[in-house]
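Observations on the model geometry
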Amino acid sequence: MISIKNITKTYRDGKLTALDGINIEIAEGELFGLIGPDGAGKTTLFRILATLVQPDSGTADIAGADVVRDYALIRRSIGYMPGRFSLYQDLSILENLEFFAAVFGTTIAENYERIKPIYSHIEPFKNRRAGQLSGGMKQKLALCCALVHRPTLLLLDEPTTGVDPVSRQEFWDMLQLLKQQGLTIVVSTPYMDEARRCDRIALLQKGQILDQDSPEGIINRHALPLYSIQGPHMFALLETVRSWPGTLSCFAFGESHHVRFHDGMTAPHLEAYLKKKGLENIEIKAIAPDIEDIFIELLRTQN
Amino acid sequence: MPQILKTFSLNYCAHKTKIQMSNIIEATQLTRVFGKFTAVDHISFSVKTGEIFGFLGANGAGKSTAMKMLSGLLLPSSGKAQVLGFDVYTQSEEIKKRIGYMSQRFSLYEDLTVEENIHLFGSIYGLSKAILKEKTDALLVQLEFVDQRKTLVSNLPLGWKQKLSFSVAMLHEPQLVFLDEPTGGVDPITRRQFWEMIYAASAKGATLFVTTHYMDEAEYCDRVSIMVDGRIAALDTPKALKTQFEADDMNEVFLKLAATSNLKII
């Protein structure tokens, strides 16, 4: 469906590299996640796929159409939801939706079934102006507007940034529904815990792909031996674990810290050290890493 | 790792036992109405001097409105609140002078350099030239920004901007700092370094009032309140909240509480 080959894009006369030789293949019907922090290059990649900026070098095509040469064709077949809310604030929900349908030469009625799973949530408020909607409702309207012309590919740039955990969960449930309708979806997020909701992901940092595969594939490939550690004084514990020569890395992960050891070092070694330092009642367990652990490890070794 | 982070945490526990019993924020029946909509609905709570206080809630639950009232930017409709011993109705200027505030949207000047931003905010808070120079030098070393002194802020990665923004909010050594979603979109390592800066500030005695959508970060707070529909639906230590709601983590606590919302308009 999407084939991205060696895409490079720089800004400010080449001084800032947004994308640095990116290669990604995305299959039809896939829910593909671009996972990375602000500045990783996610938005630039979306703009290239949406034919809004041109790459410096490399090629990208969508269902065989080239993003530079065949831009007019691509624009008709994609739905693009930019990171910043970009609907008309002084038009109502219904007016916004009618507008976007009209631009693509269609009507709401013709595509009602496609947008219904999402539109039904906001339809009771269809005469309310977009500017007066809550964050979650705006997000649903934007998604409806991106869907109303029956695109085959949906490009969603950070739809859940700044959104609370409940609305985030709802949004991902909606994406699952759309995927079941056969849509190909590319979605970006800075939240590592959302990676698990994707079929495949690319981990992006500073314009480069650190790794790409299914979330399980990435986790299995890196096979990080990892331990969680918990105790009564968590921040003293963090510092003390880091001060032990056998520690490769230690990062806070909510209610526990995640620790990696240098070769040959084990949990009992660390426990003995902590005891010597006056830290007792410590629980150390071997755990399976998650995407955020892998991302941190890749960032750490890259630096 | 910035130097500032290296020494604080061993002192941290000692400090935490010293969290003062006095309250730096006291709100009683605090309410704000916009037309027919009650954004903040009779909330009563207090924040202890020296604690890291997590202020959570769904979008639209009333967090921003409550924070604006507590920082002297918005008058309440009714109820009482004292911040640093000052009344939010009549002494908001005194409050504003003494608090630090870092907004969720980046609040530095993009077309000024790192150094110029530090000087600008320092001057606004009335720091003398000599003190400002000393503080700027120390800050750049702590943040490992010495090479970026003359860099335009617009050219910094987001995580660096947020660290700088926090440091600038702390320049006048406020006793109380409001941080509104400081880590949104920041990479996972920098996000953790940011929290270590929060702990460093706390270890020096500052009180931190923080909002976040990352539930792992809720675990780093001494106490957490969760707002639902303008009310404070729960307030306790993360551990006690997990016990109370029979939840494995704070994400589960949050989801269980948010499900009680009556405003299912999202």
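To keep things clear, this report deals only with the structure shown in the data block.

Focus on the pairing of strand S8 (residues 207–211) of chain B
Along any regular strand the residues' side chains alternate between the sheet's two faces. Residues and elements named next belong to chain B. Among the five residues in S8, five count as buried, and that is most of the element. Here strand S7 (residues 176–180) pairs with S8 via five bridges, running parallel. Of the residues in S8, the one forming a bridge with Asp-180 is Thr-211. What joins S7 to S8 is helix H7 (residues 188–203), and the crossover it makes is right-handed.

Considering the interface of chain B and chain A
Contact residues are listed per partner, giving 32 residues for chain B and 30 residues for chain A. Those elements that place two or more of their residues in the side of chain B that touches chain A are helix H1 (8–16), helix H6 (158–169), H7, helix H8 (215–218) and helix H10 (250–258) of chain B. Per-class residue counts for the side of chain B that touches chain A are 18 nonpolar, eight polar and six charged.

Quick look at helix H5 (residues 135–147) of chain A
Residues and elements named next belong to chain A. Between its terminal C-alpha atoms H5 stretches 19 Å, which fits the 18 Å expected from 13 residues at 1.5 Å a residue. Most of H5 is tucked away: twelve of the 13 residues are buried. Turning to H5, the residues buried within the fold contact strand S6 (78–81), helix H3 (93–103), helix H4 (112–122), strand S7 (153–156) and helix H6 (165–180).

Here's the deal with the packing of helix H7 (residues 215–222) of chain A against helix H10 (residues 291–302) of chain A
Residue and element names in this part refer to chain A. Viewed as axis vectors pointing N to C, H7 and H10 meet at an angle of 55°, and their least axial separation amounts to 10 Å. Here H7 lies oblique to H10, going by the angle between them. As for the relative orientation of H7 and H10, their crossing is left-handed in sense. Contacts between H7 and H10 pair Pro-215, Ile-218, Ile-219 and His-222 from the former with Ile-291, Ile-294 and Glu-297 from the latter.

Re unusual backbone geometry
Note: most residues except glycine have negative phi, and most peptide bonds are trans. At Asn-281 of chain A, a position not held by glycine, the phi torsion is positive, near 55°. Considering the arrangement of structural elements, one finds Asn-281 of chain A in the loop between helix H9 (267–276) and strand S14 (283–287). You will see that Glu-246 of chain B, though not glycine, has its phi angle at about 45°, which is positive. Assignment of secondary structure puts Glu-246 of chain B in the loop between helix H9 (238–244) and H10.

Quick word on the sheet that holds strand S1 (residues 2–11) of chain A
The pairing of strands in a sheet comes from backbone hydrogen bonds and takes either a parallel or an antiparallel form. Residue and element names in this part refer to chain A. Taken together, four strands build an open sheet; the order of strands is S2-S1-S4-S5 and the sheet is antiparallel. At either margin of the open sheet sits one strand with a lone partner, and together these are strand S2 (16–26) and strand S5 (65–66). Inspection of the sheet shows S1 paired to S2 by eight bridges, in the antiparallel sense. Considered in S2, the bridge of Ile-4 is made with Ile-24. Helix H1 (residues 42–49) rests against S1, S2 and strand S4 (57–62) of the sheet, and its axis sits at about 60° to S2.

Topic: the packing of helix H4 (residues 114–124) of chain B against helix H5 (residues 129–142) of chain B
All names here are of chain B. Where H4 contacts H5, the two axes come as close as 10 Å, and the packing angle between them is 135°. Comparing the axis directions of H4 and H5 gives the class oblique. Note on packing geometry: the crossing formed by H4 with H5 is right-handed. Mapping the contact onto sequence places Glu-115, Ile-118, His-119 and Gly-122 in H4 and Leu-132, Lys-135, Thr-136 and Leu-139 in H5. Here the residues of the contact of H4 with H5 sort into three nonpolar, three polar and two charged.

Parameters at a glance
Residues numbered from 1 in each chain as written. Chains lettered and ligands numbered in written order. Predicted model: local features only at pLDDT ≥ 70, side-chain atom pairs only at ≥ 80, totals over all residues. Buried ≥ 20, exposed ≤ 12 C-beta atoms within 10 Å, placed from the backbone. Helix = DSSP H or I, 4+ residues; strand = E, 2+ residues; numbered from the N terminus. Pairing = 2+ DSSP bridges. Right-handed = clockwise from strand over helix to strand, strands pointing away. Contact = placed C-beta atoms within 7 Å. Nonpolar A, V, L, I, M, F, W, Y, C, P; charged D, E, K, R; others polar. Expected span 1.5 Å × (residues − 1). Axes fitted to C-alpha atoms, helices over the stretch in contact; angles between N-to-C directions. Parallel < 35°, antiparallel > 145°, perpendicular 65-115°, else oblique. Left-handed = near helix turned anticlockwise from the far one by under 90°.

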